[in-house]
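Structure at a glance
One-letter residues, chain by chain:
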Amino acid sequence: MLRLTGAPLRLLQRVIALESALPLVVVAAIATGTGFAASVMFLKSQMEYDLVSPGTVYFVLVALGLAASLGIIASTLPLLKRITGPEAVRNG
């Protein structure tokens, strides 16, 4: 609808990035922090252990997962011109 009202393609790409990539990164950060906080509270209250920071493999896997997700989102951006143009809407 934005394209049909005259919005430029770059604006549509920014909107998609803000509506998909930003929530993905924010929710991933919140989920990771919540997981660590719950682990610390459980280990302290139930087992009287200190939480040991996970190794670099954990952080690499998380970064690879986020990069793959962002890559999938980015791979859809070149298709926007073809699927949102006026000719695609008329044929649809």
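Residues numbered from 1 in each chain as written. Predicted model: local features only at pLDDT ≥ 70, side-chain atom pairs only at ≥ 80, totals over all residues. Heavy atoms only, no water.

A look at the overall build of the protein
The cut-off we apply is this: Helical segments are the DSSP runs of H or I of at least four residues, strand segments are the runs of E of at least two, and each set is numbered from the N terminus. The reference for a compact globule is 2.2 Å times residues^0.38; the radius of gyration itself is calculated from the C-alpha atoms. Relative accessibility under 20% of the residue-type maximum defines a buried residue, over 50% an exposed one, and the middle range a partly exposed one, all with a 1.4 Å probe and only protein chains included. For this analysis, residues touch if any pair of their heavy atoms sits within 4.5 Å. Using a 1.4 Å probe, accessible areas were evaluated by the Shrake-Rupley method; residue-level cover was limited to the displayed protein chains. Only four residue types enter the charge count, namely Lys and Arg as positive and Asp and Glu as negative; His and the chain termini do not. The location of each charge is read from NZ of Lys, CZ of Arg, CG of Asp or CD of Glu.
The number of helices and strands found in the protein is 4 helices and 0 strands. Listing every helix and strand of the protein by position from the N terminus yields α-α-α-α. The C-alpha radius of gyration of the protein comes to 20 Å, more than 25% above the 12 Å expected for a compact globule of 92 residues. Along the three orthogonal principal directions, the C-alpha set of the protein runs to about 65 × 20 × 20 Å. Expressed as a percentage of the 92 residues in the protein, the buried residues total 11%. Looking at the protein alone, contacts between residues at least 24 apart form 61% of all its contacts between residues at least 6 apart. When the accessible surface of the protein is totalled, it reaches about 7000 Å², and 71% of it is carbon and sulfur. Seen as two clouds, the 7 positive and the 4 negative side-chain charges of the protein have centres 23 Å apart.

Some details on the packing of aromatic side chains
Inclusion rule: We call Phe, Tyr and Trp rings a pair once their centres come within 6.5 Å, taking the six-membered ring for Trp, and we label the pair stacked below 30 degrees between planes, edge-to-face above 60, and tilted otherwise.
Following the criterion strictly, the structure yields 2 aromatic pairs and no others. Their ring planes at 80° and their centres at 5.1 Å tell us that Tyr58 and Phe59 sit as a pair that is edge-to-face. A relative accessible area of 32% places Tyr58 in the partly exposed class.

Some details on helix α1 (residues 9-47)
What counts is decided by this rule: Expected helix span is given by 1.5 Å per residue-to-residue step, counting one fewer step than there are residues. Two axes define the bend at a residue: one fitted to the seven residues ending there, one fitted to the seven starting there, and the bend is the angle between them.
With 39 residues, α1 extends 55 Å between its outermost C-alpha atoms, agreeing within 8% with the 57 Å of an ideal straight helix rising 1.5 Å per residue. Along α1, the helix axis deviates most sharply at Leu18, where the bend reaches about 30°. Buried residues of α1: Leu9, Leu12, Gln13, Ala21 and Leu43, and no others. The elements touched by buried residues of α1 are α2 (56-76) and α3 (80-84).

Details of a nonpolar patch on the surface
Note the threshold: Nonpolar side chains (Val, Leu, Ile, Met, Phe, Trp, Tyr) are joined into patches within 5 Å and like charges within 9 Å, using only residues with over 30% relative accessible area and no salt bridge. Criterion for a salt bridge: a side-chain nitrogen of Lys or Arg within 4 Å of a carboxyl oxygen of Asp or Glu.
A contiguous nonpolar surface patch, about 380 Å² in accessible area, is contributed by Leu18, Leu22, Val26 and Ile30. As for its placement among the helices and strands, Leu22 is situated in helix α1. Look at Leu22 and you get partly exposed, because its relative accessible area is 46%.

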